[in-house]
Each structure stands twice: as structure tokens, then as C-alpha cells.
Amino acid sequence: MTEDEYNNKILCGCSFNIRMSEITDDERKRLLSRLKSGERITMKPLVHRLTATHVDKYVLCLYVGFSCSNLPCKQRLKKSVAEELNLQKSGTIQFRVPKEPCCHDVSYKIMTDGRASCQWKDVVEVHRLIVGQLLVLAPTLEEDDPVLLLYEV
């Protein structure tokens, strides 16, 4: 397998925000570096570009699928991720940046179209997230509690 084929296989193992613009070559390199970093990601990671709604209004709606035109995959993510994380119609999910001591309990609500809408003001402010920033959100369970690990790209 060539390096390009291996890199495409890694990227196809991710989900991308359905409305996300193309990633630049530099972002692709940084994303691959992050995904190859050796940190164990147990569920399908979500690659997400922040918009003004996410940063200025502090609302994160996660509805993902492959639509990044410079990547080789295209499909919608099944609702099984919400089931894997044991997400109910509403509740709390923890956002954590690995290797940092703080974590954020964020309330969420599952919308009728399957999106999980999160009010994440503390996360945005503490981590100084900005519009256009590329993130990897890695869902996982810790002691049966839903957690989203947040990696900046």
C-alpha cells in the first residue's frame, strides 16, 4: 500500500461535517499528523470546521457525513453513534481536551433530524476557539459516560 493510499484509508475512517468546506493541503497534513499521533481513538472521529454559529452563538450541532469534495468518501453517518454513546433525547456530554486537566459538562438535545445540539459556551471561551478552525471530535465512553475528546488541528 502506498503512503497516499494509507492516508486516504485513515481519512476514510473519519466522518466529516456535512457542510464543511474543502480542507487545504496544510490542514490535511496536520489532520493526518493528529490522526497518526498514536493517541487511541475508540470510535469514528468527527472532523469539524467551526462556523460563526459554533463560536459566536455557542451552539454546536453535530450532524455529520462525508461531503468534503477533496476526500474520496461520501456517506451519511448512521445514528448508531448516538446509540453507542448512550445518548438519550437530552442530557449531558463531557467535552475534554486530552492532556489538559479541565473538562466541560455540556448539555445536549437530540433534534428531530438526528443532530445533537450542544450549548458549549465554556468550551469555546476556555479553549479560545475561532471561526474557521478545524477540530477533531473523538467520541468515546468513559465508565459508560459519553465523552467527546477535542483535538485542535
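Residues numbered from 1 in each chain as written. Predicted model: local features only at pLDDT ≥ 70, side-chain atom pairs only at ≥ 80, totals over all residues. Heavy atoms only, no water.

A. Quick look at the overall build of the protein. Tallying secondary structure elements over the protein gives five helices and eight strands in all. Taken from the N to the C terminus, the helices and strands of the protein come in the order α-β-α-β-α-β-α-β-β-β-α-β-β. With 153 residues in all, the protein has 44% of them scored as buried. Across the protein, the fraction of contacts at a sequence separation of at least 24, relative to all contacts at a separation of at least 6, is 62%. Surface summary for the protein: the accessible area is close to 8,800 Å², and the carbon and sulfur share equals 47%. (Helix = DSSP H or I, 4+ residues; strand = E, 2+ residues; numbered from the N terminus. Buried < 20%, exposed > 50% of the residue type's maximum accessible area, 1.4 Å probe, protein only. Contact = heavy atoms within 4.5 Å. Areas by Shrake-Rupley, 256 points an atom, 1.4 Å probe, with all protein chains shown as cover.)

B. Here's a closer look at helix α2 (residues 25–35). Here α2 has its buried residues at E27, L31, L32 and L35. An end-on view of α2 places all buried positions within 135° of arc, on one side of the element. Opposite the packed face of α2, turned more than 90 degrees from it, sit the exposed residues D25 and K29. For α2, the elements touching its buried residues are α1 (3–12), β1 (15–16), β2 (46–49) and β7 (134–142). (Arc of directions from axis to C-beta.)

C. Quick look at unusual backbone geometry. Phi is positive for Y58, close to 60°, though the residue is something other than glycine. Within the element layout of this structure, Y58 appears in the loop between α3 (52–56) and β3 (59–62). Given the relative accessible area of 23%, Y58 is considered partly exposed. Residue D144 is not a glycine yet carries a positive backbone phi of 70°. Owing to a relative accessible area of 60%, D144 belongs among the exposed residues under this scheme.

D. Structural context of the nonpolar core. I93, F95 and W120 are the most contacted members of the largest nonpolar core, which totals 23 residues. Going through the elements one at a time, β4 (90–96), β5 (103–110), β6 (116–119), α5 (121–126), β7 and β8 (145–152) are the ones with two or more residues in this core. Top contributing element to this core by residue count: β5, with three residues. Ignoring any residue separated from it by four or fewer positions in sequence, one finds I93 in contact with L85, L87, H104, D105, V106, Y108, C118, P146, V147 and L148. Counting 17 residues, the second largest nonpolar core, distinct from the first, contains C14, A138, L149 and Y151. (Core = buried A, V, L, I, M, F, W, Y, C linked by side-chain atoms within 4.5 Å.)

E. Just the environment of S117, in detail. Examined against the element boundaries, S117 turns out to sit in strand β6. Along the chain, S117 and C61 lie 56 residues apart, while their C-alpha atoms are 4.3 Å from each other. Aside from chain neighbours lying at most four places away, what touches S117 is V59, L60, C61, S107, Y108, K109 and M111.

F. Representation of the confidence of the model for the protein. In the predicted model, the protein carries a mean pLDDT of 79, and 83% of its residues have values of at least 70. Helix α4 (residues 80–84) is the least confidently modelled element of the protein, averaging 60 in pLDDT, while α2 averages 91, the highest of any element. Across residues 64–80, confidence stays below pLDDT 50; counting only partners more than four residues off in sequence or on other chains, it has 47 contacts. (pLDDT = per-residue confidence, 0-100.)

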